[in-house]
Amino acid sequence: MKFRAEREALADAVGTAQRAVASRTGALPVLSGLRVTLGPGSVELVGSDLEMTIRVTTPVQGEGEGSAVLPARLFADILARLDGDTVTVELVGEDARIEAGRFATTLRTLSVGEFPRLPEVPENGVRVDGAALAESLRQVVPAASRDDARPILTGVLLAAHEGGLRLVATDSYRLAMRDLPGVSMLAGDQRVLVGAKGLAEVQRLLRDGDIEVFLAERDVTFRVGSADITTRLIEGEFPNYQQLIPSDYPNRLKVSRDLLGAAVNRVRLVSQSRDTAPIRIRMNPDGIELSAVAQDIGEAHESVEATFDGGELTVAFNAQFLLDGIESVGGSVIELETQDPLRPAVMRNPEAPDFLYLLMPVRIA
Amino acid sequence: MTTAAGAPPSILHCDLDAFFASVEQLHDPALAGRPVVVGGLGARGVVAAASYEARRFGIHSAMPMARARRACPDGVFLAPRFDAYRDASRAVMTILGSFTSLVEPIALDEAFLDVGGSRRRWGTGPEIAVVIRDRVHAETGLTVSVGVATTKFLAKLASDRSKPDGLLVIEPGTETAFLHPLPVEALWGVGPATHRRLVALGVRTVGDLATLGEPTLIGALGAARGRHLHALAHNRDDRAVVPERAVKSVGHEETFAVDHRDPAVLAREVAHLADRVAARLRAAGQRGRTVQLKVRFADFRTVTRSRTLARPTDLGAEIGATARDLLAGVDPGPGVRLLGVSVHQLGADDGPLTLDLDGAGAGPGGRRRAALEESIDAVRDRFGADSVRTARRAAAPPGPPAGTGA
């Protein structure tokens, strides 16, 4: 197996596939590698941590056929630093020889026979508007949990909803929900739970234009350009999120999204931890005041112009979760609806009712 | 902290006299002047506290209860009531806290104070000690012994030597004169094993110890202990009084009347302990992240297992499930004498609230579960700890545990 490729295109493809490579390989060292397979006119690059697999093809000029597993990080680092327009990769016995300009390296390969068999991608996919999906993922994925102790919450629920698609994620502190009317990715009342990590990669690769989604029994594949991102479906029952969304809010606040975000970012500076700082929001008909108090450091407050309809109250939120919400809802004006200092609040953009961000307060002494 | 010679000593060690027993005597005046012993009343319980009247019969804490009963058949033997002791302790600690913020509680009945910064307002260490003793007695009825010195360990030795109802001041410059005649086992860190080794070296008093070089002590006792005792013998103790803002863990233990081997019985006890720990966490407004299980076997071998949860909890169901998981990894074959469940890494229960994802009330962590456990707390508060039990425990054959300890 020997091929010549455009350096930049190959570096891009390797960089993409490498993102699925396991950071800790545990019992299967071969997973630290990237499988490179030469076919007629192209190579296929595959990285996998068994949960998520990324497969990219890129055109090359090749001689012969064959497969090898190269150490992924090293391969990607070398390609990223090479000079010149082209690079040659050749398998010599157990070694891979990489040459570009005056540089040459010989790398030991990993055993290709040990590389796991990959899930088959079903033949029939569904076309989905890439830009709309990208925006939805940007809004929803950050709310998913990164804590493996509750695997179900590390996924994003994709559910058929009133002829469209609904995406929901929660880490139990906040919940993000987006509706994509008219996107019929799932049939009937189908619902699947897809790992947020895989979806974050999908979002990273998404550009304008359609993508294809292939749903299988145990996994789902997103075909974005020349890349297939396959991620295992998470088994288990997603929490009954609908009962969490309050139907009535006695207190309704409208505030400029930019002003609120900037004020939170300033006030949270005075805290032990800028991420977890509780930001108090005192709301009354004259406007709102944000404040943060940190023992041994000091306190900060800022008043922000706003319209408020309801009874005077103070609610505190985790600064980072608040900022995530401000970022996710988009638009120029944010609506923040609250019940009381201990029950969930809802953030939305009044001009984009398809998205909702539910946020639990922080209990303050 | 060492004070320059000449300045009055400012480290105080305050130690309430026969604390549990004194609280009982205050609550029931009929007990005044009688030998009162508090501890586990079962066959294998031990003495937690003995009034000075009881001590005349040779009764002391940690003595098996059965022996205490034989030593003093006419004594009053009571099960501990920790809530009452906690209340009394809080009252005393509040008094101590009015003299300085540097109060380091060691136990319910014991605390160090550094009053070096209170001189202008309250006077010198010895003067403050007098006021503390008066106020504690006037406001709570309890007597407290106080040691005043330039270091923590000397202050503690002084309060020990002044008991009961005493005050002993070790003036700067007289430390070694006080220290050296004391038996070496009076020092912190000299247990029976170390004592035997020291006696073998011909050391009986702290003064004997002070004549030995540090290398000799390190050779005989190991580096850490050798250095530690060498420093103490020369009155070097630079530990500061560290005010403690919060307790570090909450736990509960049970010593059984008979050794248990049945996993089902042990699991039931663990669940019960977890409920009690959870109730105490909730009462203190705390949650913890690490659950620890302690198992002591019939041969007194003790093992602990712990697991850290994804998020802090104060729910008995969650603590119990974790502790039972840990129990499953311990072989009860040799017979289990004692079980303990404790929760560590505590924090106040302010902090992020969570969505009620288990809204149906199915799993732990749901708000319904929390509401349920809080209602149970309220019932137990009014009608006693055993008024509400899980079906699992209610089904257990009767047989009270021998002793309880906090």
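Bear in mind that the values here come from a model prediction, so they are computed numbers and not experimental data.

S.K.: Please clarify how the overall build of chain A should be interpreted in this entry.
M.R.: Along the backbone of chain A there are 6 helices and 27 strands. With 365 residues in all, chain A has 52% of them scored as buried. Long-range contacts, defined as pairs at least 24 residues apart, comprise 66% of the intrachain contacts of chain A with a sequence gap of at least 6. A total accessible area of about 17300 Å² is found for chain A, and carbon and sulfur atoms account for 45% of it.

S.K.: So what exactly am I meant to see when it comes to the packing of helix α13 (residues 263–284) of chain B against helix α14 (residues 316–328) of chain B here?
M.R.: Helix-helix packing is characterised by the crossing angle of the two axes and by the distance between the axes. Residues and elements named next belong to chain B. Interaxial distance between α13 and α14 falls to 8 Å at its minimum, and their mutual angle equals 140 degrees. When the interaxial angle is binned, α13 and α14 end up oblique. You can see that α13 and α14 cross each other, and the crossing is right-handed. Here L266, A267, V270, A271, A274, D275, A278, L281 and R282 of α13 lie close against α14, whose contacting residues are G316, I319, G320, A323, R324 and L327. In terms of residue class, the contact of α13 with α14 is made up of 10 nonpolar, 2 polar and 3 charged.

S.K.: How should helix α5 (residues 257–267) of chain A be read in this particular structure?
M.R.: The periodicity of an α-helix, 3.6 residues per turn, causes residues three or four positions apart to be oriented the same way. Residues and elements named next belong to chain A. Among the residues making up α5, those that are buried are R257, L260, G261, A263, V264 and V267. Taken down its axis, α5 places every buried residue within 165 degrees of arc, on the same side. Residues of α5 that are buried sit in contact with β18 (251–256), β19 (278–284), β20 (287–294), β21 (298–304), α6 (319–329) and β24 (333–338). Its side-chain oxygen 3.4 Å from the backbone nitrogen of D258, S256 forms the N-cap of α5.

S.K.: Would you mind showing me how to read the confidence of the model for chain B here?
M.R.: Low-confidence regions, as indicated by low pLDDT, have predicted coordinates that should not be scrutinised in detail. Residue and element names in this part refer to chain B. Model confidence for chain B is summarised by a mean pLDDT of 84, while 86% of its residues fall at 70 or above. Low pLDDT (under 50) marks residues 398–406, which in the prediction has 23 contacts with non-local residues, meaning those over four places away or in another chain. As scored by the predictor, the complex reaches a pTM of 0.57 and an ipTM of 0.77.

S.K.: What am I meant to see in a nonpolar patch on the surface here?
M.R.: Taken together, the side chains of V130, V131 and L167 of chain B define a hydrophobic patch exposed on the protein surface, amounting to about 190 Å² of accessible area. Tracing the backbone through its elements, the reader meets L167 of chain B in strand β8 (residues 167–169).

S.K.: What is the right way to look at the nonpolar core in this model?
M.R.: Membership of the largest hydrophobic core comes to 101 residues, with the highest contact counts inside it found for F3, L10, F222, I288 and L290 of chain A. If one sorts the elements of this core by residue count, α6 of chain A sits on top with 6 residues.

S.K.: Explain the sheet that holds strand β1 (residues 11–16) of chain B here, please?
M.R.: Two pairing modes exist for strands in a sheet, parallel and antiparallel, and in both the strands are linked by backbone hydrogen bonds. All names here are of chain B. Across the sheet, 5 strands lie side by side as β5-β6-β1-β7-β8; this open sheet has mixed pairing. Every other strand in the sheet has two partners, leaving β5 (103–107) and β8 as the edge strands with one partner each. Averaged over all neighbouring strand pairs, the angle between strand axes comes to 15 degrees, with direction disregarded. Where helix α6 (residues 125–140) meets the sheet, its contacts fall on β1, β6 (110–114), β7 (144–149) and β8, and the angle it forms with β7 comes to roughly 170 degrees.

S.K.: What is the right way to read the side chain of E104 of chain B from this model?
M.R.: With respect to the helices and strands, E104 of chain B occurs in strand β5. In terms of polar contacts, E104 of chain B uses its side chain to reach the side chain of K152 of chain B, at 2.7 Å.

S.K.: I'm lost on the packing of aromatic side chains in this one. Help?
M.R.: Given two aromatic rings, their pairing is described by the distance between the two centres and the angle made by the two planes. All names here are of chain B. Evaluation of the coordinates by the stated rule reveals 8 aromatic pairs over all chains. Measuring from centroid to centroid gives 5.8 Å for F19 and F20, while their planes differ by 55 degrees, and the two rings are tilted. Cluster of aromatic residues (ring-pair linked, three or more members): F19, F20, F82 and Y85.

S.K.: For this particular structure, what's the right way to read the packing of helix α1 (residues 19–27) of chain B against helix α4 (residues 82–97) of chain B?
M.R.: All names here are of chain B. Interhelical geometry of α1 versus α4 gives an angle of 95 degrees and a closest axis separation of 10 Å. Considering the angle they form, α1 stands roughly perpendicular to α4. For the pair α1 and α4, contact is made by F19, F20, V23, E24 and H27 and by F82, A84, Y85, A88 and S89, respectively. Split into classes, the residues belonging to the contact of α1 with α4 amount to 7 nonpolar, 2 polar and 1 charged.

S.K.: Would you take a moment to explain the pattern of salt bridges for this structure?
M.R.: Pairing between side chains becomes possible if they bear opposite charge and their charged atoms approach one another. Residues and elements named next belong to chain A. Under the counting rule described, the total for this entry stands at 36 salt bridges over all chains. Between R174 and D171 there is a salt bridge, and its shortest N-O distance comes to 2.8 Å. Each of the two residues, R174 as well as D171, counts as buried. E337 is paired through a salt bridge with R252; the nearest N and O atoms lie 2.6 Å apart. Residue E337 is located in strand β24, and its partner R252 is located in strand β18; the two are separated by 85 residues in the primary sequence. Through salt bridges that share partners, R19, E201 and R204 make up one connected network.

S.K.: Where do I start with the sheet that holds strand β1 (residues 2–6) of chain A in this structure?
M.R.: All names here are of chain A. Taken together, 5 strands build an open sheet; the order of strands is β5-β1-β7-β8-β9 and the sheet is antiparallel. Two strands bound the open sheet, and with one partner strand each, they are β5 (61–63) and β9 (103–108). For this sheet the average axis-to-axis angle between neighbouring strands, irrespective of direction, equals 15 degrees. Against the sheet, helix α2 (residues 72–81) makes contact with β7 (86–92), β8 (95–100) and β9, and its axis sits at roughly 175 degrees relative to β9, the strand it touches most.

S.K.: Help me understand helix α12 (residues 223–233) of chain B in this model?
M.R.: Residues and elements named next belong to chain B. Every buried residue belonging to α12 is among G226, L229, H230, A231, L232 and A233, and all of these are buried. Among the structural elements, α7 (152–162), α8 (175–179), α9 (192–200), α10 (206–211) and α11 (214–221) are those in contact with the buried residues of α12. Note on α12: the residue one or two positions beyond its end, N235, has a positive phi of about 55 degrees.

S.K.: Mind showing me how you'd approach the pairing of strand β14 (residues 191–195) of chain A here?
M.R.: Residue and element names in this part refer to chain A. Among the 5 residues in β14, 4 count as buried, and that is most of the element. Two strands pair when backbone bridges link them, and strand β11 (residues 155–161) and β14 are joined in this way by 5 bridges, in the antiparallel orientation. Of the residues in β14, the one forming a bridge with G155 is G195.

S.K.: What exactly am I supposed to notice about unusual backbone geometry here?
M.R.: A negative phi holds for most residues other than glycine; trans holds for most peptide bonds. Cis geometry is found at the peptide bond from K163 of chain B to P164 of chain B, where omega equals -10 degrees. For P164 of chain B, the location among the structural elements is in the loop between α7 and β8. At L50 of chain A, a residue that is not glycine, the phi angle is positive and equals roughly 75 degrees. Mapped onto the elements of the fold, L50 of chain A is located in the loop between β3 (42–48) and β4 (52–59). Despite not being glycine, D165 of chain B shows a phi value in the positive range, around 50 degrees. Within the secondary structure, D165 of chain B sits in the loop between α7 and β8. In this structure D165 of chain B comes out as partly exposed when scored by relative accessible area, which is 42%.

S.K.: For this particular structure, what's the right way to read a negative patch on the surface?
M.R.: Where like charges cluster on the molecular surface, the negative patch consists of E6, E8, D12 and D85 of chain A. Residue D85 of chain A is classed as exposed on the basis of its relative accessible area of 66%.

S.K.: Just to check I follow, could you spell out the pairing of strand β15 (residues 210–215) of chain A for this structure?
M.R.: Consecutive side chains of a regular strand alternate in pointing toward one face of the sheet and then the other. Residue and element names in this part refer to chain A. Where strand β10 (residues 126–129) lies against β15, 4 bridges are found, and the strand directions are antiparallel. Note on β15: the bridge partner recorded for D129 is D210. Pairing geometry for β15 and strand β16 (residues 219–224), over 4 bridges, is antiparallel. Each bridged residue has a counterpart across the sheet, and for F214 the counterpart in β16 is T221. The hairpin turn running from β15 into β16, its antiparallel successor, is 3 residues long.

S.K.: Is there a simple way to explain the environment of D258 of chain A in this structure?
M.R.: Residue and element names in this part refer to chain A. Structurally, D258 can be placed in helix α5. A relative accessible area of 60% places D258 in the exposed class. The spatial distance from the C-alpha of D258 to the C-alpha of V333 is 8.2 Å, given a sequence separation of 75 residues.

Each value, and the rule that gives it
- Residues numbered from 1 in each chain as written.
- Chains lettered and ligands numbered in written order.
- Predicted model: local features only at pLDDT ≥ 70, side-chain atom pairs only at ≥ 80, totals over all residues.
- Heavy atoms only, no water.
- Helix = DSSP H or I, 4+ residues; strand = E, 2+ residues; numbered from the N terminus.
- Buried < 20%, exposed > 50% of the residue type's maximum accessible area, 1.4 Å probe, protein only.
- Contact = heavy atoms within 4.5 Å.
- Areas by Shrake-Rupley, 256 points an atom, 1.4 Å probe, with all protein chains shown as cover.
- Axes fitted to C-alpha atoms, helices over the stretch in contact; angles between N-to-C directions.
- Parallel < 35°, antiparallel > 145°, perpendicular 65-115°, else oblique.
- Left-handed = near helix turned anticlockwise from the far one by under 90°.
- Nonpolar A, V, L, I, M, F, W, Y, C, P; charged D, E, K, R; others polar.
- Arc of directions from axis to C-beta.
- Polar contact = N/O pair within 3.5 Å; in protein donor to acceptor, adjacent residues only side chain to side chain.
- pLDDT = per-residue confidence, 0-100.
- Patch = residues over 30% accessible without salt bridge, like charges linked within 9 Å, V, L, I, M, F, W, Y side chains within 5 Å.
- Salt bridge = Lys/Arg side-chain N within 4 Å of Asp/Glu carboxyl O.
- Core = buried A, V, L, I, M, F, W, Y, C linked by side-chain atoms within 4.5 Å.
- Pairing = 2+ DSSP bridges.
- Phe/Tyr/Trp six-rings, centres within 6.5 Å; stacked < 30°, edge-to-face > 60°.
- Lys, Arg positive; Asp, Glu negative; His and termini not counted.
- Charge placed at Lys NZ, Arg CZ, Asp CG, Glu CD.

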